[in-house]
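# Structure assessment
So you can see what is in the structure, the chains are spelled out below.
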Amino acid sequence: ENEMKHPTLRRTFITAVAALAVGAVTGFAQAQTVTMHAATQFNDDHDYNRTLKRFGELVTKYYGKPVEVVIHGNSELGVERDYAKFMNQGISVDVSILAGSNMSNFTKAAPLLDVPFVFRDRAHWNAVIAKNGMKPLFDIIEQQSGMEVIGICGGSTRHLIANKPMRNMKELAGYKIRVIGAPIQGKIFSAFGAKPSVIAYNEVYNAIQSGVIEGLENEAPAVLNSKFYEVAPEISLTTHAVVTRLLVVSGKSMKKYPADLQAAIRKAGAEAGAFNREIQAREDQGAMDKMVAEKKARTHVFTERDKLLSISKPIVAEFAKEAGVDRILADMQALK
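This report concerns the structure included in the present document. (Residues numbered from 1 in each chain as written. Predicted model: local features only at pLDDT ≥ 70, side-chain atom pairs only at ≥ 80, totals over all residues. Heavy atoms only, no water.)

Summing up its helical and strand segments, the protein chain has 13 helices and nine strands in all. Projected onto the principal axes, the alpha-carbon positions of the protein chain cover approximately 105 × 45 × 30 Å. Taken across its 336 residues, the protein chain has 48% of its residues classed as buried. A fraction of 74% describes how many contacts in the protein chain between residues 6 or more apart in sequence connect residues 24 or more apart. When the accessible surface of the protein chain is summed, it comes to about 16,100 Å², and 55% of that surface belongs to carbon and sulfur atoms. Positive and negative charge centroids in the protein chain, built from 42 and 36 side chains respectively, lie 3 Å apart. (Helix = DSSP H or I, 4+ residues; strand = E, 2+ residues; numbered from the N terminus. Buried < 20%, exposed > 50% of the residue type's maximum accessible area, 1.4 Å probe, protein only. Contact = heavy atoms within 4.5 Å. Areas by Shrake-Rupley, 256 points an atom, 1.4 Å probe, with all protein chains shown as cover. Lys, Arg positive; Asp, Glu negative; His and termini not counted. Charge placed at Lys NZ, Arg CZ, Asp CG, Glu CD.)

Shown next, in the form of structure tokens:
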């Protein structure tokens, strides 16, 4: 009977030791996995979410160890201003894609990137990126906000979307336009002769429909996705802004990471930004072509765009001076 029991006991002991060994290895592997929390206001199909997913893949690739980027989409963690606050404090959110204006509580420099006619056109914007012309601005943003810029996203171009054609300054006069809440936006569009109003984005469609406003300024994919063409089918091609969004990581989060992970995050961020720019450039034109082909919208050349540029120049310069980045703006605008 004892001879029968001993092999069983030995097998039980070996199995237990093996289980402990596997558990130890698993625990070690889990300890090596880094988790980063990303946040967006959008769903999985949005270019922000796709970019953050790509960022996670690239960080793991360059770090050589597992890095899990958990994407909290659909405003699960609030809106962009909340993400900026969280990253400034080093809580809840480690990485996100933000508009400069949504960082304005912490930095006066970042909102410059949202101002009309900072960039003459997409070719100028691409030249500034290629020559690293935004780097001095990013250094100031990091100092003021505690968020490090690791990638440049964007590339869509913004135009005037309205329920009437606008092809010149005369037709633009009196245009009741929705603008975002930054005072500089209202100041510039007022100088153009329009009548700007600050209206929540989710109320814009009804506001156009009811006649409170006649339209807004936006890029083609947003017009298509939000169906603004149903109430404002006339698109005036002003190209008054090139969308610039910043892929940022919390400075306090970065300090917690080892040097090799920090390097991987920076390299992955730069590539993820380029990935996003390719998406936006392609989908921006695709959305415009789709609306025109399906006769949902009509485009109009704005014949006096040079006047818009001339009017905006001193206003943009004054804004940059107040933010302490006038020299940086001048250097960026001098690039070709």
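There is more to say after this.
The next subject is the packing of aromatic side chains. Taken as a whole, this structure holds four aromatic pairs when the rule is applied. Where Phe-189 meets Phe-192, the ring centres are 5.5 Å apart and the plane angle is 85°; that geometry is what we call edge-to-face. As far as burial versus exposure is concerned, Phe-189 and Phe-192 are alike and both buried. A network of ring pairs unites the aromatic residues Phe-117, Phe-189 and Phe-192 as a single cluster. (Phe/Tyr/Trp six-rings, centres within 6.5 Å; stacked < 30°, edge-to-face > 60°.)

If you walk through the whole model with that rule in mind, you get one cavity of 30 Å³ or more. Lining the largest cavity are Leu-113, Asp-114, Val-115, Phe-117, Val-118, Phe-119, His-240, Ala-241 and Val-242. Among the residues forming the lining of the largest cavity, the class breakdown is seven nonpolar, one polar and one charged. (1 Å grid on protein atoms, 1.4 Å probe; cavity = no way out; pocket = protein on both sides within 12 Å on 5 of 7 lines; lining within 4 Å. Points joined across faces, edges and corners; volume = space filled by probe spheres on them. Nonpolar A, V, L, I, M, F, W, Y, C, P; charged D, E, K, R; others polar.)

We now examine the layout of surface pockets. Considered as a void within the structure, the second largest pocket measures approximately 280 Å³ in volume. Lining the second largest pocket are 13 residues, with Asn-132, Phe-138, Val-149, Ile-150 and Gly-151 positioned closest to its centre. Where the lining of the second largest pocket is concerned, the elements lending two or more residues are helix H5 (135-145), strand S4 (147-162) and helix H11 (259-293). With five residues, the top contributor of residues to the lining of the second largest pocket is S4. For the lining of the second largest pocket, the class distribution of residues is six nonpolar, two polar and five charged.

Let us look at the nonpolar core. Counting 54 residues, the largest nonpolar core has Leu-112, Met-134, Ile-141, Leu-172 and Val-325 as its most contacted members. Sorting elements by how many residues they give to this core places helix H12 (residues 305-323) first, with six residues. Discounting chain neighbours no more than four positions away, the residues touching Val-325 are Ala-109, Leu-112, Leu-137, Ile-140 and Ala-320. If you look at the next biggest cluster of nonpolar residues, it comprises 24 residues, including Tyr-48, Leu-58, Val-67 and Ile-265. (Core = buried A, V, L, I, M, F, W, Y, C linked by side-chain atoms within 4.5 Å.)

Okay, unusual backbone geometry next. The backbone of Asn-74 sits at a positive phi, close to 55°, despite the residue not being glycine. Take Asn-74: it is sitting in the loop between strand S2 (67-72) and helix H3 (80-89).

Structural measurements only, silent on function.
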